[in-house]
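Chain residues, written in single-letter form:
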Amino acid sequence: MEQADLIWHNGELVAWEDAKVHVLTHGLHYGTGVFEGERAYETPQGTAIFRHHDHLARLLKSAELYYMPLPYTLEELRAATHELIAANGLTQCYIRPIAFRGYGQMGLYPLDCEVSVSIAAWPWGAYLGEESKVEGIRAKVSSWRRISADSLIPQSKASGQYLNSVLAKVEASKAGYQEAILLDSRGFVCEGSGENIYVVRDGQIITPPATASILDGISRQSILTIARDLGREVVQRDLARAELYLADEVFLSGTAAELVPVREIDDHIIGDGDAGGPVTRELQRVYDDALHGRDARYTEWLDVVKVPSKAV
Ligand SMILES: Cc1ncc(COP(=O)(O)O)c(C=O)c1O
């Protein structure tokens, strides 16, 4: 992976290679951490973090759901992220804030362990490859089901929960596919290992509802808003597996991957086999404009990084 110079760790900027934890860190043993994935893009207004407030609000919510009060406010984390990006001299980057139960107590009861918070930012291209956005990807329905709401909290972006995504990703990758699609515990379509999923059929955009155990993606919220603004009909309902194969278009969205067409699922060609039909392409274009500050309708989603003026 590419590196940057500095990482923000518990209120201080430390050298990238010095951002270390003890091997008895609670979060390492029991997955007691929560994190975010965000991106900053170059825009006409300067480097801007996309929906920064919404990502940090989700981080705080994810933590609260696991009884993990953070020692920093949303505003403090926002300012820390700006400071970090400016100190690293990054103009566009991926941003990974993580809060986790630290070193001090072992055993499953976590509430006596102190909470650490780190923020890293570094240059990272599209998660499924830059070409995935043009060519589309091949995906496989996983034999692993998405974690269900009766044993974990799918709405929380919690570290330990990602073992589920890891199993699905490894299985799909070993079988020669680029991404896994997980069904929920009821057998309905849920999401990718790190992306939400959408089907386009007869002009309608259909995506699973929150009751399908999805992570309510911030890209998802943005894309649904854009779709409605474009006059598209959006339906949130359970999707049967075969509806994937019968779709005119299928696409995925996530901060890391951005908006990616799916051209094949379980060796069924989607639609006419073109990577990305007209609805996907239109959404992809407007979403990309929103990310890069080129669409005035969505500039309120941008948190422009204040680069401190250099001392003279
Ligand atoms: C399991 C899962 N679903 C969906 C998403 C998409 O969420 P977002 O659009 O907020 O990045 C992600 C990525 O964070 C994810 O890990």
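This text follows the structure it describes.
A quick note: this is a predicted structure, and the numbers were derived from the prediction, not measured.

S.K.: What should I look at first to understand a negative patch on the surface in this one?
M.R.: Judged by side-chain charge, Asp202, Asp248, Asp272 and Asp274 come together as a negatively charged surface patch. Following the sequence through the fold, Asp202 ends up in the loop between β11 (196-201) and β12 (204-207). Given a relative accessible area of 71%, Asp202 falls into the exposed group.

S.K.: What am I meant to see in the side chain of His26 here?
M.R.: By the element assignment, His26 lies in helix α1 (residues 26-30). Residues within four places of His26 in sequence aside, it is in contact with Gly31, Thr32, Arg101, Gly102, Tyr103, Gln105, Gly107, Leu108, Tyr109, Pro110 and Cys113.

S.K.: I tried to follow the site of the ligand on my own but got confused; where do I start?
M.R.: Around the ligand, 16 residues are found, and the nearest of them are Lys157, Tyr162, Ile218, Ser219 and Thr255. In the model, an oxygen atom of the ligand is placed 2.5 Å from a nitrogen or oxygen of the Tyr162 side chain. A distance of 2.9 Å separates a nitrogen atom of the ligand from a polar side-chain atom of Glu191. With the chains in place, 95% of the 380 Å² that the ligand exposes on its own is no longer accessible. Those elements that provide at least two residues to the shell around the ligand are α6 (218-229) and β14 (249-254).

S.K.: What is the right way to look at a nonpolar patch on the surface in this model?
M.R.: On the surface, Val23, Leu24, Leu28, Tyr30, Tyr103, Met106 and Leu108 cluster together to form a nonpolar patch covering roughly 730 Å² of accessible area. The topology assignment puts Leu24 in the loop between β2 (12-15) and α1. Looking at Leu24, the relative accessible area reads 36%, which means it is partly exposed.

S.K.: Sorry, what's going on with the nonpolar core here?
M.R.: Generally speaking, a soluble globular protein has its nonpolar side chains buried in company with each other. With 25 residues, the main nonpolar core has Trp8, Leu77, Ile85 and Ile95 as its most contacted residues. Of all the secondary-structure elements, those providing two or more residues to this core are α2 (52-65), α3 (74-88), β6 (93-101) and β7 (115-122). It is α3 that provides the largest number of residues to this core, a total of five residues. Ignoring anything within four residues of it in the chain, the contact list for Ile85 reads Ala40, Thr47, Ile49, Leu90, Cys93, Ile95, Ala121 and Val305. Among the nonpolar cores identified, the runner-up in size contains 22 residues, and Val200, Ile223, Leu283 and Trp301 belong to it.

S.K.: What is the right way to read the pairing of strand β13 (residues 233-236) from this model?
M.R.: Residues in a regular strand project their side chains so that they alternate between the two faces of the sheet. By the bridge criterion, four bridges tie β12 to β13 in an arrangement that is parallel. Looking across to β13, one finds that Ile206 is bridged to Val235.

S.K.: I would appreciate a short explanation of the packing of α2 against α3 in the present structure.
M.R.: What describes two packed helices is the angle between their axes and the distance between those same axes. Where α2 contacts α3, the axes come no closer than 10 Å and their chain directions differ by 125°. It follows from the interaxial angle that α2 and α3 lie oblique. For the pair α2 and α3, the sense of crossing is right-handed. Between α2 and α3, the residues in contact are His52, His53, Leu56, Ala57, Leu59 and Leu60 and Leu74, Leu77, Arg78, Thr81 and His82, respectively.

S.K.: Mind showing me how you'd approach unusual backbone geometry here?
M.R.: Peptide bonds are trans in most cases, and residues, glycine excluded, mostly fall at negative phi. One non-glycine residue, Ser213, adopts positive backbone phi at about 65°. Here Asp267, not a glycine, exhibits a phi torsion of approximately 70°, which is positive. By secondary structure assignment, the location of Asp267 is in the loop between β15 (258-265) and β16 (268-269). Exposure remark for Asp267: the relative accessible area of 48% places this residue in the partly exposed category.

Thresholds, definitions, all that
- Residues numbered from 1 in each chain as written.
- Predicted model: local features only at pLDDT ≥ 70, side-chain atom pairs only at ≥ 80, totals over all residues.
- Heavy atoms only, no water.
- Patch = residues over 30% accessible without salt bridge, like charges linked within 9 Å, V, L, I, M, F, W, Y side chains within 5 Å.
- Areas by Shrake-Rupley, 256 points an atom, 1.4 Å probe, with all protein chains shown as cover.
- Salt bridge = Lys/Arg side-chain N within 4 Å of Asp/Glu carboxyl O.
- Lys, Arg positive; Asp, Glu negative; His and termini not counted.
- Charge placed at Lys NZ, Arg CZ, Asp CG, Glu CD.
- Helix = DSSP H or I, 4+ residues; strand = E, 2+ residues; numbered from the N terminus.
- Buried < 20%, exposed > 50% of the residue type's maximum accessible area, 1.4 Å probe, protein only.
- Contact = heavy atoms within 4.5 Å.
- Near = heavy atom within 4 Å.
- Polar contact = N/O pair within 3.5 Å; in protein donor to acceptor, adjacent residues only side chain to side chain.
- Core = buried A, V, L, I, M, F, W, Y, C linked by side-chain atoms within 4.5 Å.
- Pairing = 2+ DSSP bridges.
- Axes fitted to C-alpha atoms, helices over the stretch in contact; angles between N-to-C directions.
- Parallel < 35°, antiparallel > 145°, perpendicular 65-115°, else oblique.
- Left-handed = near helix turned anticlockwise from the far one by under 90°.

Coordinates in, geometry out; function isn't part of it.
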